[in-house]
4 protein chains.
Amino acid sequence: MRVGGAGRTGCAQNHTQREWYRFEARALVTNRQSDPGTMSQSKGTVVLAYSGGLDTSCILVWLKEQGYEVIAYLADVGQDEDFEAARAKAVSLGAKKVFIEDLRKEFVEEFIWPWVQSNAVYEDRYFLGTSLARPCIARGQVKIAKQEKAQFVSHGATGKGNDQIRFELTCYALYPEVKIISPWRLPEFYNRFMGRTDLMEYAKRHGIPVPVTPKSPWSMDANIMHISYESGILENPKNHAPDGMFMMTVDPSKSPNTPDELEIEFKNGVPVKVTNLGDKTTHTSPLELFMYLNDIGGKHGVGRIDIVENRFIGMKSRGIYETPGGTILHEAHMDIEAFTMDKEVRKIKQQLSLKFSEQLYNGFWDSPECKFVRHCINKSQEHVAGTVQVSVFKGHVYVLGRESPTSLYNQDLVSMNVQGDYDPIDAGGFIKICSLRLKEYHRLQSSMVPKSK
Amino acid sequence: MRVGGAGRTGCAQNHTQREWYRFEARALVTNRQSDPGTMSQSKGTVVLAYSGGLDTSCILVWLKEQGYEVIAYLADVGQDEDFEAARAKAVSLGAKKVFIEDLRKEFVEEFIWPWVQSNAVYEDRYFLGTSLARPCIARGQVKIAKQEKAQFVSHGATGKGNDQIRFELTCYALYPEVKIISPWRLPEFYNRFMGRTDLMEYAKRHGIPVPVTPKSPWSMDANIMHISYESGILENPKNHAPDGMFMMTVDPSKSPNTPDELEIEFKNGVPVKVTNLGDKTTHTSPLELFMYLNDIGGKHGVGRIDIVENRFIGMKSRGIYETPGGTILHEAHMDIEAFTMDKEVRKIKQQLSLKFSEQLYNGFWDSPECKFVRHCINKSQEHVAGTVQVSVFKGHVYVLGRESPTSLYNQDLVSMNVQGDYDPIDAGGFIKICSLRLKEYHRLQSSMVPKSK
Amino acid sequence: MRVGGAGRTGCAQNHTQREWYRFEARALVTNRQSDPGTMSQSKGTVVLAYSGGLDTSCILVWLKEQGYEVIAYLADVGQDEDFEAARAKAVSLGAKKVFIEDLRKEFVEEFIWPWVQSNAVYEDRYFLGTSLARPCIARGQVKIAKQEKAQFVSHGATGKGNDQIRFELTCYALYPEVKIISPWRLPEFYNRFMGRTDLMEYAKRHGIPVPVTPKSPWSMDANIMHISYESGILENPKNHAPDGMFMMTVDPSKSPNTPDELEIEFKNGVPVKVTNLGDKTTHTSPLELFMYLNDIGGKHGVGRIDIVENRFIGMKSRGIYETPGGTILHEAHMDIEAFTMDKEVRKIKQQLSLKFSEQLYNGFWDSPECKFVRHCINKSQEHVAGTVQVSVFKGHVYVLGRESPTSLYNQDLVSMNVQGDYDPIDAGGFIKICSLRLKEYHRLQSSMVPKSK
Amino acid sequence: MRVGGAGRTGCAQNHTQREWYRFEARALVTNRQSDPGTMSQSKGTVVLAYSGGLDTSCILVWLKEQGYEVIAYLADVGQDEDFEAARAKAVSLGAKKVFIEDLRKEFVEEFIWPWVQSNAVYEDRYFLGTSLARPCIARGQVKIAKQEKAQFVSHGATGKGNDQIRFELTCYALYPEVKIISPWRLPEFYNRFMGRTDLMEYAKRHGIPVPVTPKSPWSMDANIMHISYESGILENPKNHAPDGMFMMTVDPSKSPNTPDELEIEFKNGVPVKVTNLGDKTTHTSPLELFMYLNDIGGKHGVGRIDIVENRFIGMKSRGIYETPGGTILHEAHMDIEAFTMDKEVRKIKQQLSLKFSEQLYNGFWDSPECKFVRHCINKSQEHVAGTVQVSVFKGHVYVLGRESPTSLYNQDLVSMNVQGDYDPIDAGGFIKICSLRLKEYHRLQSSMVPKSK
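Residues numbered from 1 in each chain as written. Chains lettered and ligands numbered in written order. Predicted model: local features only at pLDDT ≥ 70, side-chain atom pairs only at ≥ 80, totals over all residues. Heavy atoms only, no water.

*Asks:* How do you make sense of the pattern of salt bridges when you look at a structure like this?
*Replies:* Scanning the entire structure with this criterion turns up 120 salt bridges over all chains. For the salt bridge of Asp306(A) with Arg402(B), the shortest nitrogen-to-oxygen distance reads 2.9 Å. In this pair, Asp306(A) is assigned in strand E12 (residues 304-310) and Arg402(B) in strand E15 (residues 396-403), connecting two distinct chains. Using a relative accessible area of 1% as the deciding quantity, one classes Arg402(B) as buried. In this structure, Glu344(A) and Lys347(A) form a salt bridge, with 3.4 Å as the shortest nitrogen-oxygen distance. With a gap of 3 residues between them, Glu344(A) and Lys347(A) both fall in helix H12 (residues 343-362), about one helical turn apart. Among the residues examined, Glu344(A) registers a relative accessible area of 18% and is labelled buried. One network of salt bridges, with partners in common, ties together Arg125(A), Asp306(A), Arg318(A), Asp335(B) and Arg402(B). (Salt bridge = Lys/Arg side-chain N within 4 Å of Asp/Glu carboxyl O. Helix = DSSP H or I, 4+ residues; strand = E, 2+ residues; numbered from the N terminus. Buried < 20%, exposed > 50% of the residue type's maximum accessible area, 1.4 Å probe, protein only.)

*Asks:* Quick question: what am I supposed to make of the relation of the copies chain D and chain C here?
*Replies:* Each of the two chain copies goes to the other by way of a rotation about an axis and a shift along it. For the pair chain D and chain C, the relating rotation is 180 degrees, the translation along its axis is 0.0 Å, and the fit reaches an RMSD of 0.0 Å. What the rotation and shift describe, once combined, is the action of a two-fold rotation axis. When the interface residues of chain D are mapped onto chain C, 99% of them again fall at the interface, so both copies present the same face. (Least-squares fit on C-alpha atoms with pLDDT ≥ 70 in both. Contact = heavy atoms within 4.5 Å.)

*Asks:* Teacher, can you tell me more about the interface of chain B and chain A here?
*Replies:* It is common to give the size of an interface as the accessible area lost on bringing the parts into contact. Contact with chain B, which involves 103 residues of that partner, is made by 102 residues of chain A. Across the chain B/chain A interface, buried area totals approximately 9400 Å², and carbon plus sulfur atoms make up 58% of it. If you sort the residues of chain B by the area they bury against chain A, Lys316(B), Lys343(B) and Met416(B) come out on top, with a joint share of 8%. Where Lys347(B) meets Glu358(A), a salt bridge forms, and the shortest distance between an N and an O atom there is 3.3 Å. (Buried area = accessible area lost by both parts, 1.4 Å probe.)

*Asks:* Is there a simple way to explain the sheet that holds strand E10 (residues 270-276) of chain A in this structure?
*Replies:* Through backbone hydrogen bonds, the strands of a sheet pair up, either in parallel or in antiparallel fashion. Residue and element names in this part refer to chain A. The 5 strands lie next to each other as E11-E10-E9-E14-E15, forming an open sheet whose pairing is antiparallel. Among the strands making up the open sheet, the edge pair consists of strand E11 (282-283) and strand E15 (396-403). Direction of pairing for strand E9 (residues 260-267) relative to strand E14 (residues 386-393): antiparallel, over a ladder of 7 bridges. Across the sheet, residue Glu263 finds its bridge partner in E14, namely Gln389. (Pairing = 2+ DSSP bridges.)

*Asks:* Honestly, the environment of Phe127(A) in this entry has me stumped. Any pointers?
*Replies:* Residue placement: Phe127(A) occurs in the loop between helix H5 (104-118) and helix H6 (129-147). Aside from chain neighbours lying at most four places away, what touches Phe127(A) is Trp115(A), Val121(A), Met225(A), Thr323(A), Thr327(A) and His330(A).

*Asks:* Quick question: what am I supposed to make of the UniProt feature "domain: Arginosuccinate synthase-like N-terminal" (unreviewed entry) in chain A here?
*Replies:* When the UniProt feature table is mapped onto this chain numbering, "domain: Arginosuccinate synthase-like N-terminal" (unreviewed entry) sits at residues 46-209 of chain A. Secondary structure content for residues 46-209 of chain A is 50% helix and 15% strand, and the end C-alpha separation is 22 Å. (UniProt positions renumbered as here; feature names shortened; annotations may be inferred.)

*Asks:* Whenever I open this one, unusual backbone geometry confuses me. Can you help?
*Replies:* Trans peptide bonds make up the majority, and among non-glycine residues the majority have a negative phi. Its identity as a non-glycine residue notwithstanding, Lys394(A) has a phi of 50 degrees, on the positive side. Structurally, Lys394(A) is set in the loop between E14 and E15. Residues other than glycine seldom take positive phi values, yet Asn268(D) does so here, at roughly 50 degrees. Its place among the elements puts Asn268(D) in the loop between strand E9 (260-267) and strand E10 (270-276). When its relative accessible area of 43% is taken as the criterion, Asn268(D) is described as partly exposed.

*Asks:* For this particular structure, what's the right way to read the interface of chain D and chain C?
*Replies:* Listed per partner, the contact involves 103 residues of chain D and 103 residues of chain C. A combined buried area of about 9400 Å² lies between chain D and chain C, and 58% of that area is made up of carbon and sulfur atoms. Of all residues in chain D, Lys316(D), Lys343(D) and Met416(D) give up the largest surface area on contact with chain C, accounting jointly for 8% of the area buried on that side. The interface formed by chain D and chain C holds 12 salt bridges in total. With a shortest N-O distance of 2.9 Å, Arg125(C) and Asp335(D) are connected by a salt bridge. Inspection of the region where chain D meets chain C yields 47 residue pairs in polar contact (both at pLDDT 80 or more). Here the element with the most residues in the side of chain D that touches chain C is helix H15 (residues 424-447) of chain D; it accounts for 15 residues. Residue composition of the side of chain D that touches chain C, by class: 44 nonpolar, 27 polar and 32 charged. (Polar contact = N/O pair within 3.5 Å; in protein donor to acceptor, adjacent residues only side chain to side chain. Nonpolar A, V, L, I, M, F, W, Y, C, P; charged D, E, K, R; others polar.)

*Asks:* Any chance you could explain the packing of helix H5 (residues 104-118) of chain B against helix H12 (residues 343-362) of chain B here in plain terms?
*Replies:* Residue and element names in this part refer to chain B. Where H5 meets H12, the axes come as close as 10 Å, and the angle between the chain directions of the two elements is 145 degrees. For the pair H5 and H12, the contacting residues are Pro114, Trp115, Gln117 and Ser118 in the first and Lys349, Ser353, Phe356 and Leu360 in the second. When the residues that make up the contact of H5 with H12 are grouped by side-chain class, the tally is 4 nonpolar, 3 polar and 1 charged. (Axes fitted to C-alpha atoms, helices over the stretch in contact; angles between N-to-C directions.)

*Asks:* What am I meant to see in the pairing of strand E2 (residues 44-49) of chain A here?
*Replies:* In regular strands, side chains alternate between the two faces of the sheet. Residue and element names in this part refer to chain A. In terms of residue burial, E2 counts as a mostly covered element, since 6 of its 6 residues are buried. The β-α-β motif built from E2, the intervening helix H3 (residues 54-65) and the parallel element strand E3 (residues 68-76) has right-handed crossover chirality. Sheet topology places E2 next to strand E5 (residues 152-154); 3 bridges connect them, and they run parallel. The residue of E5 that forms the bridge with Val46 is Phe152. (Right-handed = clockwise from strand over helix to strand, strands pointing away.)

*Asks:* Help me understand the domain arrangement of chain A, please; the structure alone is not making it clear to me.
*Replies:* All names here are of chain A. Along its sequence, chain A is carved into domain 1 (15-221) and domain 2 (253-403). Once you take the C-alpha centre of each, domain 1 and domain 2 turn out to be 27 Å apart. Buried surface at the junction of domain 1 and domain 2, both sides included, amounts to about 3700 Å², of which 67% is carbon and sulfur. Viewed at the interface, domain 2 and domain 1 are joined by 0 salt bridges. The tally of links between domain 1 and domain 2 comes to 16 residue pairs in polar contact (both at pLDDT 80 or more). Elements supplying a minimum of two residues to the side of domain 1 that touches domain 2: H5, H6 and helix H7 (163-174). (Domains from an automatic or database assignment.)

*Asks:* What is the right way to look at the confidence of the model for chain A in this model?
*Replies:* Reading fine detail from the predicted coordinates is not recommended where pLDDT is low. Residue and element names in this part refer to chain A. Per-residue confidence for chain A gives a mean pLDDT of 90; residues scoring 70 or more make up 90%. The low-confidence segment residues 1-39 (pLDDT under 50) makes 100 contacts with residues lying over four places distant or belonging to another chain. For this predicted complex, the interface score ipTM comes out at 0.91, while the overall pTM is 0.93. (pLDDT = per-residue confidence, 0-100.)

In structure tokens:
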């Protein structure tokens, strides 16, 4: 599902001030009276992941053309969208029903929070914002498909990307008998719509409103966690990201000259309270807390990366991401975890986290292995509690200090000035035992030196 | 080996302007005529890792007191030190010989470069600057010990830290029959010198020059790669790092308001050329190139971290580090590697890198396993070549773009606008095969739902 | 704790027939009236892991000589021992109290069962029989030490082995303030008792009964899970194990010429029922079931291995083991697990199992990481249920077949004759997607071939 | 490629006596004069992996029917086949050319030997015999396809199995532009040939000789390393393998009552000499040595397993395998490796081996990651040298002893009777340092106990 860059650019010019998340929880359903005469001809009902943009609008109409009844499903995971307008548009294009669901709360609590616990980073750099949203949206869509007894689901993801996989694996996992219509993989569709021009013409011919602003020369995907930018001029990995592209974060060169200092409190490895040490504002509910961190991170230009990553299908792609709040949480959680988790537990959890990052990226959220890993990671977070103080400034997050009631840090033990319950002589024995192998290896190496005559 | 903060503070006030690395390669040896009468009483010869500071000066004198002849060994790995003054001091304290070696070139080429290839980060955050220097220094010291037929080596590392281990494991690995005198682990020493006051008194009594400036309330260790700060007031993990502590990097709030843009060229996974895209200066020799990156990184406040880490001996400690040039190289290498290395090779190499980070941190550089891992990592870098453009600004490094003659990135293949040698239908098959397991699992889960009567 | 081979040889000649596990659960305590006059001189109370053999009998007397009061602790983990005689001996040697505990049930249920779930094998070969028993015994000993308010514990493990570590880590983990007396690491002890002759002389002098049969030229350690043999003539890794050494298993060349076929039923990854398909006998309680598998495995010579392994302290040692029942369970559990566990969950669990094997071997049962891993492994066993049929014959266990109500095996799906819910065309897409990377790599390789002129 | 069980059963009744590997190295090519008139109509040339059996004979004729010219390619990887008869058959069915290549030597040296070095076992049980042969055969086939300028290759692997993947990934990796015809995945083929009856009818109609003996109710695949059995009656995982199914190994209940004792010498981790300690026969060339181990292993019934495994495509399948020589080598190599390889190197190599087993099983032999892993594993084998003595008896391989010039085993160091260069006091320090974390964890746990009032 691609979010049209143009529409976004149009309505989000003052992105640090505007209200990002103005849509209240709702599940609007608009019934459109089906013509009983055509019903009998229907190939069946499709629940389409609808974005309101040009692509999925064309797909909606095209599906009807093919003989399907279409239910539009639009999940609010925090993207900047006029959901009411999208609803009206879907209805006007012939959607039998339109479901709009605010999934932001469950997205934060059930998807982003486990990610915070995990510290998962794909290929050491990508914070997985899109990967997390897909199974959340697909789960909602499947729920509607089952409820509406639709045999089909459909989406607008391309045939080269990761999102088709993430979307469909969740669908198959939760609704194995579902049939998936992926137009961008169907020759009859992609041969008909070779480029944007074809879509525009089709739109005009079928009364689909077309964007009035020109499309930006890249595509983007937005949710409450991040915006990703790719394709178009970004496909050349040498090209720098253009000025003005980023929408969630201010350019660090234009960000405030004084930091914001935050205190983030964790319990069970998830944030439960954020306090701005300057103005003393606090946030405690997951969604508000996360939105606030997005505001602070966005204001200071935090969380921009430009990477080349390996898609699940094996091709390398270039992606640019901004993840303001997620970046702050990642740094803070890593710190409180290191402070409270045993060293060897941490190593094992680190491996689980690596697995989790691949599962997430590859679309296996709803798999037995991901369920298992989430369980284990959650278990590891039992004592991950305490507060971390961070400074957010000019694109960077600085950890300043931390404290915890469940820390395994022992100041007396580690102190250079206090002996604590520690006998330095033991370290000598420890080292000598550790060196046993090395000495044996040296012995072997020496014995293999060719003898000179 | 602790570097006295006081001396450093005294001579490095203008740390962004001063010449950090002014010491030319040299291996000064000062022979001091030993008294043949006392020779016969000698317990043997000790090569002492000497820093010129209060601790190792006291150790030098104490070792002589115990009946050893002492050779002072002072390695220049880029720390800010008046090596000539240190030499004179060692001689005046009774060192039989003094060896001062400039190891900076080999430190960069043989230790830092393999680290760059590896992307090794200890516990996801620490860039291992001290860990890399220890085996380099110890190797030099062992070489002198063997050359001088000394049966003993000694050092001033504390009994709670990692450095004693790193130092001694290298010694045992390269010189298994060596005997190590670690005063801070000997009750007769540490009970005599319970604190700095005892050292000061001993120094005064034995004509050891004492620092004129007060010691800073933390300890530090410096080399060309980084400076670490710990102990003292930093032992409370809640305390923020004090203003003015950092010596290699400017405070980002006072760093320039315009970035420096660099182009870094890699071959075999190591940097071979750095070009400042602003003033067009270039550096190609490893040592100069690295020092230049330190300058740029330092100027922009790059590479500061404040962490709690797990020492090898199992205690948690708080460390603050600044690694300006290393941070830039880490970001750039990660990018060019992702661009040129196969996805699955990368995964395996990532695991090797994790192992490497532990080996390094724990002091096992000179172990069979570390030798093996270095070999494998080096092999993985065969095609890691190309240039990365980065912007260095306000404490952060931004990757801007990259190109490579050996990239596995295929713009046609990944393009949204070009089909390339790719059939989207294949992705449908791929996804369905991937979902087989998930469907089976769903089947099992469904079958286990308790039947209602 | 070494079990004297001689005594064992004497009383266990008909090892396939004899009752191995004849000791009922008990916790005999024999109070011996302490002399109030000497009490005031006591250095404190030691709980000694007592085996009844020569070594620990000498240690008991020696500890008293040093001024300690000694409580003998003897755990029955299934070794072949005359516990009543041992009790009488300890009392006669001056033990203040003697505790004899039958830990076999908890050893099987709380230690061996998690091992069965894990499939843990140290270095791909060793089934960890001794590693499992040590924390079980030490836990019991610590419980007594706390109960009796003893500040000391002691054991007879040597200073080169793994058992000292396993024993002491458990003690420190459960009773951090305990002091451990490890005589074989104390110069005043090991310099006094340089060999068996010294022990024998000491024994004679102090009225300690000495074995009447000559000691076998190796040492052994036995419990309900296995017997290990090492040291003595086995220290030469080229020497073959002598005839007649093995005590739990018959020589396969003398074992029955017809197999026993068993059906083993699992729930939650642990065996809940064993049925002999020949004579229809069944066993369901953990201890009886395991003892029965030992009988069957022993009768058919199953579970003998001869390996060189790496001790935790880094030296290689040669060990010979026999693990009859454990080997049968390992094979059967591996089979039912493969049948019921998702492929990717299995991979993750396999890594956890590798970790577990190291934790176990190295003595970290009572560590946060081992607790965590046991939790995760146990979680992975939720659906590991069903029956496996095995044939036990001439030193080998053959899996014959399996069935399960929670299997993920789908006969229709996999069948060559039935299409099932499977479209072979998908496999073509799957393969082509998998080959994308390989083609890209080929492209790169081809481009790097030096051009000929 | 499935080898018809029937044919095999017919000609291999005395499998311990018969000469398995009677086919000399050869590359017979039979040219058949193509009709120039039909040439112009040709869709192109297909190199077909031809087995001589019913399936690939039908495919050969069917491909011609479709308008292709067919070159038959038959690789001898040690399967029991009348290659001359197969050649004649292919010619008579209209193959334009027939290539028969003896790949046994390269299969052993370039595929089986790296496997021996690796100790790779898929899912802890499967020794990968088929997985190893596929890339060897496909490589040969691709070589012919390129040489003959054929744009197509084809094979008879089914659409549900692993072999299609292994075959095709190698083809795509080595010959990216090749087109692969996989009839069992083409609806026009598999819908026409729904079962064996259809194939038989087609064969009769097209003059394809049909097997005179009834097909065995399972399928098998044979090469010099192993035979696998699956499908048919084996698809029910509860069914026991029928008597008489195994062809490479004698039933252990009928195998000799006296063992064969062998001494196997390794260099660089591969066997270089096998000596029968009974009759003193020796073998040194890789192919002969391996064939001899097959004879010995087969004679004693070694290497049979019955497992359920996870195919790459995610379905579980039941496979029964016999790998006589490979099993002996696996045991012996594991032993000499443990004897000569550093503990920590071994751990890393163990992880590489796990990766290797997956790469192999999944068909990624010719991938960058497998090339990398093979390089690393080979590097790890530098000092893996020495001899292992094994006893082969009644289905089991017993390691008896080992010796090596490059062992890291140090008898003095490990001895219970000799102190060696070892101070037991060090172990006390080692243990106390290891317990630091455990004590800290205990402290935390204790502090969290809810306070009682």
